[in-house]
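# What the coordinates show
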Amino acid sequence: MAFVAAGLFGAVQPATGIPPEVLQLTQFGPAAGVFALALLWPARIRRRLAGALSAAPDPAPAPAPGAGAGAALPPPRGTGARSAAGWLLLTAPLVVALSAGAYAVLHEGPVATDPRTLSHPFLLVAVAQLVGACGEEIGWRCLLQPLLRTRFGPLTASVLVGLVWGVWHVGVFAQAPAYAAGFLVATVAMSVVLGLALERVRGGRLLLAGGFHALVNLGMLLFMDEESGAVPPMLLFGAACLVAAVLWVLRTDGRAQGVTIAAVRRSAL
């Protein structure tokens with residue numbers, strides 16, 4: 001449904017007069033898919049969307065001993081959830097900095113766009129990017145991720161969501177194979193970051209996921225030129241996202257092991 005809706009939205013965008021450089025209506029394809037499913041199974045979809053805005057009623061399952069990053073962390077407490085949310089939003093500029101820094105070295109100088117030179121006010125672009133990102137994330141991180149979490153651990157579910165998310169950007173596959181490969185690595189890696197971070201967040205997931213998504217998009221708009229179809233910036237972007245994902249996996253695995261050791265110690269007392 002998200003694929004079909006995105007195609008329809010893309011077809012009607014020229015008639016709306018909305019500049020695609022400000023907001024691409026295709027981003028609302030996943031939101032349209034969620035809406036259609038909600039009409040068919042309202043109670044089930046409402047339950048899966050718990051936590052998108054308000055706090056979810058059900059805590060995450062406890063990790064199995066030795067399961068590592070593929071297992072859920074214990075029910076999030078306020079401090080842990082706030083920490084995860086903060087680190088998630090800090091990961092976006094980290095990805096942009098790694099990408100832009102490496103590209104500046106390769107390009108023998110920074111590639112930067114002055115926000116004042118954009119064809120539309122930067123504030124308008126930033127707000128539109130957040131709205132569009134939320135239009136995607138309500139489908140990917142707020143519905144598909146929880147659905148897959150009923151069958152898979154957070155790491156596997158995140159990888160699967162990332163693959164779907166990447167393939168959904170069908171236009172990418174009209175570019176060079178290396179460009180498409182770099183993009184797929186980026187979507188899977190960012191999905192892992194989002195999935196592991198939001199595992200400990202019970203409320204406001206939509207704005208957090210949309211905020212991360214929008215920050216990355218804005219950073220790439222100002223400091224990279226991968227939209228030109230150039231392969232090197234996209235490969236560097238994918239590599240930067242992969243570094244961020246590895247850091248999140250290590251962080252989550254360390255927390256899961258710490259929780260398991262603490263539980264064993266308590267049981268031994």
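What you see is a predicted model, and the numbers here were worked out from it, not measured in a lab. (Residues numbered from 1 in each chain as written. Predicted model: local features only at pLDDT ≥ 70, side-chain atom pairs only at ≥ 80, totals over all residues. Heavy atoms only, no water.)

## What to know about the overall build of the chain
Along the chain, the regular secondary structure elements total nine helices and zero strands. Mapped from its N terminus to its C terminus, the chain presents α and β elements in the order α-α-α-α-α-α-α-α-α. Looking at the chain as a whole, 43% of its 269 residues qualify as buried. Summarising the internal contacts of the chain: among those between residues at least 6 apart in sequence, 77% fall at separations of at least 24. Element-wise, carbon and sulfur atoms account for 70% of the exposed surface of the chain, whose accessible area totals about 13,200 Å². (Helix = DSSP H or I, 4+ residues; strand = E, 2+ residues; numbered from the N terminus. Buried < 20%, exposed > 50% of the residue type's maximum accessible area, 1.4 Å probe, protein only. Contact = heavy atoms within 4.5 Å. Areas by Shrake-Rupley, 256 points an atom, 1.4 Å probe, with all protein chains shown as cover.)

## Section: the pattern of salt bridges
Applying the stated criterion to the full structure yields three salt bridges. Of the charged contacts, one joins Glu137 and Arg141 as a salt bridge, the two residues approaching to 2.7 Å between their closest N and O atoms. Residue Glu137 and its partner Arg141 are located together in helix H5 (residues 122-149), separated by four residues, close to a single helical turn. Judged by relative accessible area, Glu137 falls into the buried class, the value being 0%. (Salt bridge = Lys/Arg side-chain N within 4 Å of Asp/Glu carboxyl O.)

## Points about the side chain of Gln145
Residue position: Gln145 is located in helix H5. On the accessibility criterion, Gln145 (6% relative accessible area) is buried. Every residue in contact with Gln145, bar those within four places of it in the chain, is listed here: Trp140, Pro154, Ala157, Ser158, Val161 and Gly195.

## A closer look at the confidence of the model for the chain
Scored by pLDDT, the chain comes out at a mean of 86, with 85% of its residues at no less than 70. Contacts for the low-pLDDT stretch residues 58-67, under 50 throughout, to residues beyond four places or in other chains number 19 contacts. Every residue in residues 257-269 scores below 50 in pLDDT, and together they form four contacts with partners more than four places removed in sequence or on other chains. (pLDDT = per-residue confidence, 0-100.)

## Some words on the layout of surface pockets
The computed volume of the largest pocket comes to approximately 1,100 Å³. Taken together, 37 residues line the largest pocket, and the ones lying closest to its centre are Gln24, His169, Asn217, Glu226 and Glu227. Sorting the residues of the lining of the largest pocket by element identifies helix H1 (2-16), H5, helix H6 (154-168), helix H7 (177-198), helix H8 (205-223) and helix H9 (231-268) as the ones contributing at least two each. Counting residues per element, the lining of the largest pocket draws most heavily on H8, which supplies five residues. The residue inventory of the lining of the largest pocket, partitioned by class, reads 19 nonpolar, 14 polar and four charged. (1 Å grid on protein atoms, 1.4 Å probe; cavity = no way out; pocket = protein on both sides within 12 Å on 5 of 7 lines; lining within 4 Å. Points joined across faces, edges and corners; volume = space filled by probe spheres on them. Nonpolar A, V, L, I, M, F, W, Y, C, P; charged D, E, K, R; others polar.)

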